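# Architecture at a glance
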Amino acid sequence: LNFLLDALISPLQTAATAMARIAAGELPDVIEEEYEGDFEAIRKDINGLIGIIHSFDSHMESMIAEQRAGNVDAFIPEDEFAGCFKAMAAGVNEEVRQLLDVIFKLVDILEAYAEGDFSNSLEQLPGKLSRATEKTAVLQRNLEELVIAMGELTSDAINGNLSARVETEKFRGGWFEVVNGTNQVLDAAVGPIIEAQSVLEQIADYDLRARMHGSYK
């Protein structure tokens, strides 16, 4: 009787232990001990499940490593799985593709901005990805305002308005440093010209005592 109970209980305990470990997120080794009849079929089914989970985990780790290495074409091979495992692989791949799609769109926009084309903008993204849309729009606006400000400054200079400057209040951080530095350069370059013009006007009015008093380099 004990032998019969051992023959019944031992494979059930082994199978239950393996399934419990799988349920806990562990990957047990395959069951090596062979059984008779239906118990052997159960062992093979459990080993098949363990093999599928091992394969899925291995492909997942491989995809992660390849993606981190820059191989953005690396995905889980969906055709190697069936049923819910195939659906899981397809779901993971789709999520990765959607994130890559956002990254590629950002790269295309930044490439256009780097080449001076500020017309492209990022579509409204959902959830926390909306920050990418918002920050890209801020970058686009700053670039456009900088171009407009520089264009107006150039136009004023061409038309003889040497006192024109960029309105620095519109800009912050590094953008402020750019436009404020431009204004300072103009002050340094135009200052002597304006004073010289004033002196020449005084001389033209026969004031030969007119002098330039600024300190220039």
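This section reports on the structure supplied with the text. (Residues numbered from 1 in each chain as written. Predicted model: local features only at pLDDT ≥ 70, side-chain atom pairs only at ≥ 80, totals over all residues. Heavy atoms only, no water.)

### Section: the packing of helix α2 (residues 38–68) against helix α3 (residues 83–114)
In contact at an axis separation of 11 Å, α2 and α3 are set at 10 degrees when each is read in the N-to-C sense. By the angle between their axes, α2 is roughly parallel relative to α3. Between α2 and α3, the residues in contact are Leu 49, Ile 52, Ile 53, Phe 56, Met 60, Met 63 and Gln 67 and Phe 85, Met 88, Ala 89, Val 92, Asn 93, Val 96 and Leu 100, respectively. Partitioning the contact of α2 with α3 into residue classes produces twelve nonpolar, two polar and no charged. (Axes fitted to C-alpha atoms, helices over the stretch in contact; angles between N-to-C directions. Helix = DSSP H or I, 4+ residues; strand = E, 2+ residues; numbered from the N terminus. Parallel < 35°, antiparallel > 145°, perpendicular 65-115°, else oblique. Contact = heavy atoms within 4.5 Å. Nonpolar A, V, L, I, M, F, W, Y, C, P; charged D, E, K, R; others polar.)

### Quick word on the pattern of salt bridges
Across all of its chains, the model carries seven salt bridges by this definition. The salt bridge involving Glu 26 is made with Arg 21; its shortest N-O contact spans 2.9 Å. On the basis of relative accessibility, which here comes to 39%, the residue Glu 26 falls in the partly exposed class. Judged by its relative accessible area of 35%, Arg 21 is partly exposed. (Salt bridge = Lys/Arg side-chain N within 4 Å of Asp/Glu carboxyl O. Buried < 20%, exposed > 50% of the residue type's maximum accessible area, 1.4 Å probe, protein only.)

### Observations regarding the packing of aromatic side chains
A complete count under the given rule lists two aromatic pairs for this structure. Measuring from ring centre to ring centre gives 5.4 Å for Phe 56 and Phe 81, while their planes differ by 65 degrees; the resulting arrangement is edge-to-face. Highlighted residues: Phe 56 in helix α2 and Phe 81 in the loop between α2 and α3, separated in sequence by 25 residues. Relative accessible area serves as the criterion here: at 8%, Phe 81 is assigned to the buried category. Each ring, one from Tyr 113 and one from Phe 118, has its centre 5.9 Å from the other, and the planes form 70 degrees; the classification is edge-to-face. For Arg 97, the ring lying beneath its charged end belongs to Phe 75, and the centroid distance is 4.2 Å. (Phe/Tyr/Trp six-rings, centres within 6.5 Å; stacked < 30°, edge-to-face > 60°. Lys NZ or Arg CZ within 6 Å of the ring centre and 35° of its normal.)

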